[in-house]
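In case you want the letters, here they are:
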Amino acid sequence: PCLIPTPPHPQAPSVLESQSSLNLLEIMGNFSYEEFDDSNDTLLDYDAAPCHNHYCPLFHRVAPPFLAVTCAVAALGTGALLVALAKRPQAWEWPQSRVLVAQLALGMGLFTVLLPAVAAGIGQGWHLGVGLCRLTHLLWHWSLFAQALLVASGSCGSAWRGWDPRSRRLAVALWAGALLLATPAALASGIVSGTGCVRRGVPVQSPAYLLQLSACLGLLLLLPTGLLVATPAVPRLRATWQAGGGASWLFFGLWAPYGAGLALEFLLHTRLLEPTCGTFQSFDHALGLSEGLGVLHCALGPPVLLLARWC
């Protein structure tokens, strides 16, 4: 992580100025490619040429204010959305029904309340202990997975037209399933050197991380891709889009690049793709920007839902 210098390669003293594959809103960083290897054979060597990555200083300078502003905007937007749901319940009809939008607001609100702790942990170090670190990652992923399932289920039928026994059972199953899928994220996270709450505190081949990665790729990337491919052939999906149900798909649009970045990160960590100096210098920034784009869903989601309903 940024807080822990990576040992230099004997043939390339300045190859690793900071670790590679640190996400912008990863809570204080990630582990470098060689972190969990037993030998020096896997240390990066780009022909002994200096390969500098200046991402870590940018991350610590930009991430806390970005999260603070996003949190403030998201709190205002979510509050306005809840007021609109309470004041004019009859205005929210399928496909953006009141039942569905209220649950989306709950998911965005849960995500938003975690941002101050994340911002403080990045700016001042994580001093809340490993238990709260894992709880933060659990709630973070729970909110994301629940919203992904809500958007997908809202596109596939009319289960959210009203709050009847069927929709109540679906809501319980959906939120319970999202919590179950988010559990590996808590098991894979950890504390680094007492100051960093990291998304991945275990080897990349560990079962917990592989389950977390599979859940992220399945819900943030493969699920929306499959629904988009199936839309022309499934009348129910087409009807949802024609009725204005695409507004909630802003969530997938913002998080899909991050899902693709996680897949590429895994390929680099497992050396299925050979890292180069250019990759080392640019990948952190690309993955960080994609995660920052995803985080914006909690700030952009409420006004987009409100505008879609008014229009």
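What you see is a predicted model, and the numbers here were worked out from it, not measured in a lab. (Residues numbered from 1 in each chain as written. Predicted model: local features only at pLDDT ≥ 70, side-chain atom pairs only at ≥ 80, totals over all residues. Heavy atoms only, no water.)

It is worth spelling out the overall build of the protein chain at this point. Helix and strand counts for the protein chain come out as nine helices and two strands. Starting at the N terminus, the α and β elements of the protein chain follow one another as α-α-α-α-β-β-α-α-α-α-α. Expressed as a percentage of the 311 residues in the protein chain, the buried residues total 50%. For the protein chain, the exposed area adds up to about 13,400 Å²; of that, 68% sits on carbon and sulfur atoms. (Helix = DSSP H or I, 4+ residues; strand = E, 2+ residues; numbered from the N terminus. Buried < 20%, exposed > 50% of the residue type's maximum accessible area, 1.4 Å probe, protein only. Areas by Shrake-Rupley, 256 points an atom, 1.4 Å probe, with all protein chains shown as cover.)

The topology assignment puts Gln-103 in helix 2 (residues 98–124). Judged by its relative accessible area of 9%, Gln-103 falls in the buried class. With near-sequence residues (within four places) excluded, Gln-103 lies in contact with Leu-150, Trp-160, Ala-171 and Trp-175. (Contact = heavy atoms within 4.5 Å.)

Summed over the entire model, instances satisfying the criterion amount to one disulfide. The side chain of Cys-133 participates in a disulfide bridge whose partner is Cys-197; the two sulfur atoms lie 2.0 Å from each other. Across the S-S bond of Cys-133 and Cys-197 the torsion is about 90°, and the bridge reads as right-handed. Placement of Cys-133 in helix 3 (residues 129–156) and of Cys-197 in strand 2 (residues 196–198) is noted, with a sequence separation of 64 residues between them. Residue Cys-197 is classed as buried on the basis of its relative accessible area, which comes to 0%. Among the cysteines around Cys-298, which has no disulfide bond, Cys-71 carries the closest sulfur, lying 7.5 Å off. (Disulfide = S-S within 2.5 Å.)

The subject of this paragraph is the UniProt feature "transmembrane region" (unreviewed entry) in the protein chain. The UniProt record annotates "transmembrane region" (unreviewed entry) at residues 66–86, 98–119, 139–160, 172–192, 212–234, 246–268 and 288–308. Secondary structure content for residues 139–160 is 82% helix and 0% strand, while the C-alpha to C-alpha distance between its ends is 24 Å. Overall, residues 246–268 shows 83% helix and 0% strand. The separation of its end C-alpha atoms is 34 Å. (UniProt positions renumbered as here; feature names shortened; annotations may be inferred.)

This part covers the nonpolar core. One broad rule of soluble globular proteins: the nonpolar side chains tend to lie buried together. Counting residues in each nonpolar core, the largest one holds 68 residues, and the members touching the most others are Leu-81, Phe-111, Leu-115, Trp-140, Phe-145, Phe-251 and Trp-255. Mapped onto this core, the elements with two or more residues apiece are helix 1 (55–87), helix 2, helix 3, helix 4 (165–188), helix 5 (207–230), helix 7 (250–269), helix 8 (277–295) and helix 9 (297–310). The greatest single-element share of this core, amounting to 13 residues, is contributed by helix 2. (Core = buried A, V, L, I, M, F, W, Y, C linked by side-chain atoms within 4.5 Å.)

Right, let's talk about the pattern of salt bridges for a bit. When the charged atoms of two side chains lie near each other, side chains of opposite charge can form a pair. Using the criterion set out here, one finds two salt bridges in the structure. One salt bridge connects Arg-199 with Glu-265, and the closest N-O pair in it is separated by 3.1 Å. Of this pair, Arg-199 sits in the loop between strand 2 and helix 5 while Glu-265 is found in helix 7, placing the two residues 66 residues apart along the sequence. Of the two residues examined, Arg-199 and Glu-265, each falls in the buried class. Taking the shortest distance from any N to any O, the salt bridge between Arg-271 and Glu-274 comes out at 2.6 Å. (Salt bridge = Lys/Arg side-chain N within 4 Å of Asp/Glu carboxyl O.)

So, about unusual backbone geometry. Of note, Arg-271 is a non-glycine position whose phi angle comes to about 65°, a positive value. Along the chain, Arg-271 falls in the loop between helix 7 and helix 8. Using a relative accessible area of 29% as the deciding quantity, one classes Arg-271 as partly exposed.

Turning our attention to the packing of helix 1 against helix 2. Contact geometry of helix 1 with helix 2 gives a least axis separation of 8 Å together with a crossing angle of 155°. Accordingly, the angle class assigned to the pair helix 1 and helix 2 is roughly antiparallel. Considering only the axes of helix 1 and helix 2, their crossing is left-handed. Residues that form the contact of helix 1 with helix 2 fall into these classes: 20 nonpolar, six polar and one charged. (Axes fitted to C-alpha atoms, helices over the stretch in contact; angles between N-to-C directions. Parallel < 35°, antiparallel > 145°, perpendicular 65-115°, else oblique. Left-handed = near helix turned anticlockwise from the far one by under 90°. Nonpolar A, V, L, I, M, F, W, Y, C, P; charged D, E, K, R; others polar.)

Under the defined criterion, the tally for this structure stands at eight aromatic pairs. For the ring pair Trp-241 and Trp-249, a centre distance of 5.3 Å and an interplane angle of 50° mean the geometry is tilted. According to the relative accessible area criterion, Trp-241 is partly exposed, its value standing at 34%. With a relative accessible area of 8%, Trp-249 lands in the buried category. Three or more aromatic residues joined by ring pairs form one cluster here, namely Phe-111, Trp-140, Trp-255 and Tyr-258. The aromatic ring of Tyr-209 is capped on one face by Arg-200, whose charged end is 5.3 Å from the ring centroid. (Phe/Tyr/Trp six-rings, centres within 6.5 Å; stacked < 30°, edge-to-face > 60°. Lys NZ or Arg CZ within 6 Å of the ring centre and 35° of its normal.)

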